[in-house]
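# Topology and contacts: notes
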Amino acid sequence: MPVEEQKFFGRMMDFEEIYGADIAGKCPHCDRDTRFISASMPSPFPSMGGSSPPATFYGQRIFTEVQSVSLGASQCFLCKGLIVWLKSGDRNQGPLTSMRIWPIGKERSVPELVPPAVAQVYKRSSRLLDFDNGACAAFARTCLEKLLDDQKVKKGPNLATRITTFLESHKLPGELHLNLDKLREMGNFIHLNESFVTGDVLEISPEEAGWALDILADLFEELYVRPKEQQERRLAFDAKQIETTRNIAGS
Ligand SMILES: [Zn+2]
């Protein structure tokens with residue numbers, strides 16, 4: 001499997017690869033495309049004390065004979081917001097789980113023009129990003145369904161069919177069209193709800209879940225924000241034309 005695919009489907013994602021120093025990405029604080037820079041952290045754990053400490057603390061890592069937990073941190077170059085992630089796992093086999101622990105429950109902003117039912121689910125999904133990516137993707141999926149409802153896309157046998165119908169009827173700009181098409185192909189995303197019912201555990205990487213949120217944000221811009229902006233420009237132009245005509249007629 002190519003390295004890029006491995007990053008999306010399969011192995012555990014180390015947040016060092018997403019938020020580590022010198023990596024470009026979206027800031028979980030300010031939502032902007034940024035570059036992360038190193039953050040110096042003081043010792044995160046207090047001294048355990050006692051003559052026979054139950055655990056050993058070294059640098060940003062704490063471990064016993066069987067378990068190990070370590071912290072990593074960086075900051076956003078633009079807003080200086082701190083990002084902290086945690087890796088935990090078996091002492092000998094290496095890290096088994098990884099999650100972002102700061103910022104926690106940080107909502108992504110949604111333009112006011114987006115219908116409340118859509119915006120609400122989007123915010124809920126974004127609060128779970130990097131913390132519970134399966135749940136984050138499940139809410140992102142629900143958000144997309146609500147958006148398709150709002151766009152009057154007829155109900156189909158499944159979400160993939162609805163996306164296809166939507167793609168065929170809307171002139172989305174090239175990149176967004178391709179991205180939404182990819183989302184349709186993303187098996188995990190499409191079958192998420194069904195899998196929750198059957199109890200299967202799905203591995204959704206933070207990148208995959210984050211990308212789904214990015215695509216939704218692009219759809220908000222394209223379907224709700226841009227049409228309104230263009231309409232306002234036309235109205236302003238028309239008003240100016242009327243004014244000019246009036247002035248000519250009056251002179
Ligand atoms: Zn930032």
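In case you missed it, the structure is sitting above this.
Before going into details, it helps to say that this report is about the structure given with it. (Residues numbered from 1 in each chain as written. Predicted model: local features only at pLDDT ≥ 70, side-chain atom pairs only at ≥ 80, totals over all residues.)

### Here we look at the overall build of the chain
Each helix and strand in the chain was counted, giving nine helices and seven strands. Taking as baseline every contact in the chain between residues at least 6 positions apart, the subset at least 24 positions apart corresponds to 54%. (Helix = DSSP H or I, 4+ residues; strand = E, 2+ residues; numbered from the N terminus. Contact = placed C-beta atoms within 7 Å.)

### Section: helix α9 (residues 206-250)
Along its 45 residues, α9 runs 64 Å from first to last C-alpha, staying within 8% of the 66 Å computed at 1.5 Å per residue. The sharpest bend along α9 comes to roughly 35°, located at V225, with the proline P227 sitting one to four residues further on. Every buried residue belonging to α9 is among P206, E208, A209, G210, W211, A212, L213, L216, L219, F220 and Y224, and all of these are buried. (Expected span 1.5 Å × (residues − 1). Bend = angle between axes of the 7 residues up to and from the residue. Buried ≥ 20, exposed ≤ 12 C-beta atoms within 10 Å, placed from the backbone.)

### Digging into the nonpolar core
If you look at the biggest cluster of nonpolar residues, it comprises 31 residues, and the most contacted ones within it are A140, C143, A209, A212 and L216. Broken down by secondary-structure element, the contributors of at least two residues to this core are α3 (116-127), α4 (133-150), α5 (159-169), α6 (174-185) and α9. Ranked by residues supplied to this core, first place goes to α4 with nine residues. Counting ten residues, the second-largest nonpolar core is a separate cluster that includes I18, C27, C76 and W85. (Core = buried A, V, L, I, M, F, W, Y, C linked by C-beta atoms within 7 Å.)

### A word on unusual backbone geometry
Cis geometry marks the peptide bond from W102 to P103, where omega comes out at -5°. Positionally, P103 belongs in the loop between β7 (94-102) and α3. Within the chain, K80 stands out as a residue other than glycine whose phi angle is a positive 65°. Its place among the elements puts K80 in the loop between β5 (67-76) and β6 (82-90). Given 12 C-beta atoms within a 10 Å radius, K80 is considered exposed. If you check the backbone angles, K152 has positive phi at about 60° while not being a glycine. Topologically, K152 is positioned in the loop between α4 and α5. Since 8 C-beta atoms lie within 10 Å of it, K152 is described here as exposed.

### What to know about the pairing of β6
Strand direction decides the pairing type here: β5 and β6, joined by nine bridges, are antiparallel. Its bridge partner being in β6, Q75 is matched across the sheet by L82. The antiparallel hairpin formed by β5 and β6 contains five residues in its connecting segment, where K80 sits at a positive phi of about 65°. (Pairing = 2+ DSSP bridges.)

### With respect to the environment of P206
Summarising the element assignment, P206 is placed in helix α9. Here the alpha-carbon distance between P206 and L129, two residues 77 residues apart in the chain, equals 6.7 Å.

### Topic: the packing of α6 against α9
With their axes 10 Å apart at the nearest point, α6 and α9 run at an angle of 135° to one another. In this view, α6 runs oblique relative to α9, as classed from their interaxial angle. Once α6 is placed against α9, the crossing between them reads as left-handed. Facing L176, N179, L180 and L183 of α6, the residues of α9 in contact are A212, I215, D218, L219 and E222. Among the residues making up the contact of α6 with α9, the classes are represented as six nonpolar, one polar and two charged. (Axes fitted to C-alpha atoms, helices over the stretch in contact; angles between N-to-C directions. Parallel < 35°, antiparallel > 145°, perpendicular 65-115°, else oblique. Left-handed = near helix turned anticlockwise from the far one by under 90°. Nonpolar A, V, L, I, M, F, W, Y, C, P; charged D, E, K, R; others polar.)

### Observations regarding the environment of G89
Within the secondary structure layout, G89 lies in strand β6. Separated by 26 residues in sequence, G89 and F63 have C-alpha atoms that sit 9.6 Å apart.

### As for the packing of α4 against α9
Relative placement of two packed helices is described by the angle separating their axes and the distance separating the axes. Viewed as axis vectors pointing N to C, α4 and α9 meet at an angle of 20°, and their least axial separation amounts to 9 Å. In terms of orientation, α4 and α9 fall into the roughly parallel class. The handedness of the crossing between α4 and α9 comes out as left-handed. Residues N133, C136, A137, A140, C143, L144 and L147 of α4 form the contact with α9, whose own contacting residues are P206, E208, A209, A212, L213, L216 and L219. Within the contact of α4 with α9, the residues separate by chemical class into twelve nonpolar, one polar and one charged.

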